[in-house]
Amino acid sequence: MAIRPILRFPDPRLRRIAAPVDHFDAGLRSLADDLLETLRAAAGIGITAPHIDVPARLVVIRLETDTAARVYVNPEVAWASPETARHPEGSLSMPGITDEVERPARVRVRYQDLGGETCTEDADGLLAVCLQHEIDQLDGIFWLQRLSRLKRDRLTKRFLKLRQGDGPAPA
């Protein structure tokens, strides 16, 4: 397992649409392990392969209440409730910045496990938020795009100001 560098906003690679995974092998398991190690090091709760510049549809989520990490290969929202909920969101690619995003309160996600078996999972609360957030990332939708233009601009300026001490932002 290795900790990989995380792409930082506004890196254009964060807006790429991730390719479906079609090889369920040791390489995929190794990538999932690296994602988990990177997630732990960054003290986050969700990460996608695109966060580490691998354009593959792979998500790892680890909530505080989980005893083990959850791994989703090729996840997609199969159903979303008409009821919505607001929850603070942020990104490992934009540390220090959060804002409330409104999303469906409950979802059903269809995905494959690391062995290629098709699974479904119903989620609500924080898990539903995380799944939708990370699936958006796989689709090239950065969480800021779920906010009004005014909020996006304000948060982008705040993040770039925070980063001034970190050196130039990546291209």
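As a reminder, the structure under discussion sits directly above these lines.
Residues numbered from 1 in each chain as written. Predicted model: local features only at pLDDT ≥ 70, side-chain atom pairs only at ≥ 80, totals over all residues. Heavy atoms only, no water.

A. Fine view of helix α3 (residues 149-163). In a regular helix each residue adds 1.5 Å, so 15 residues correspond to 21 Å; α3 covers 21 Å between its end C-alpha atoms and thus fits that length. Those residues of α3 that fall on the buried side of the exposure criterion are L155, T156, F159 and R163. Projected onto a plane normal to the axis of α3, the buried residues spread over an arc of 105° and lie on a single side. Set apart from the buried face of α3 by more than 90 degrees, the exposed residues are L150, K157 and K161. Here the buried face of α3 lies against β5 (99-104). (Helix = DSSP H or I, 4+ residues; strand = E, 2+ residues; numbered from the N terminus. Expected span 1.5 Å × (residues − 1). Buried < 20%, exposed > 50% of the residue type's maximum accessible area, 1.4 Å probe, protein only. Arc of directions from axis to C-beta. Contact = heavy atoms within 4.5 Å.)

B. Looking closely at the side chain of E134. Mapped onto the secondary structure, E134 falls in helix α2 (residues 125-138). At 8.6 Å, R103 is the nearest oppositely charged side chain to E134, a buried residue that forms no salt bridge. Beyond its immediate sequence surroundings of up to four residues, E134 is in contact with G46, I47, T48, H51 and V59. (Lys, Arg positive; Asp, Glu negative; His and termini not counted. Salt bridge = Lys/Arg side-chain N within 4 Å of Asp/Glu carboxyl O.)

C. Broad picture of the state of the cysteines. Applying the stated criterion across every chain, the model contains zero disulfides. Left unpaired, C119 is separated from the closest cysteine sulfur, that of C130, by 19 Å. (Disulfide = S-S within 2.5 Å.)

D. Layout of the pairing of strand β6 (residues 106-112). Bridge count for strand β3 (residues 70-80) against β6 is five bridges, and the pairing is antiparallel. The partner of E76 across the bridge, within β6, is R110. Both β6 and strand β7 (residues 118-124) contribute to a ladder of seven bridges, which runs antiparallel. The residue bridging V109 from the neighbouring strand is E121, located in β7. Hairpin connection of β6 to β7: five residues between the antiparallel strands, including G116 at a positive phi of 95°. (Pairing = 2+ DSSP bridges.)

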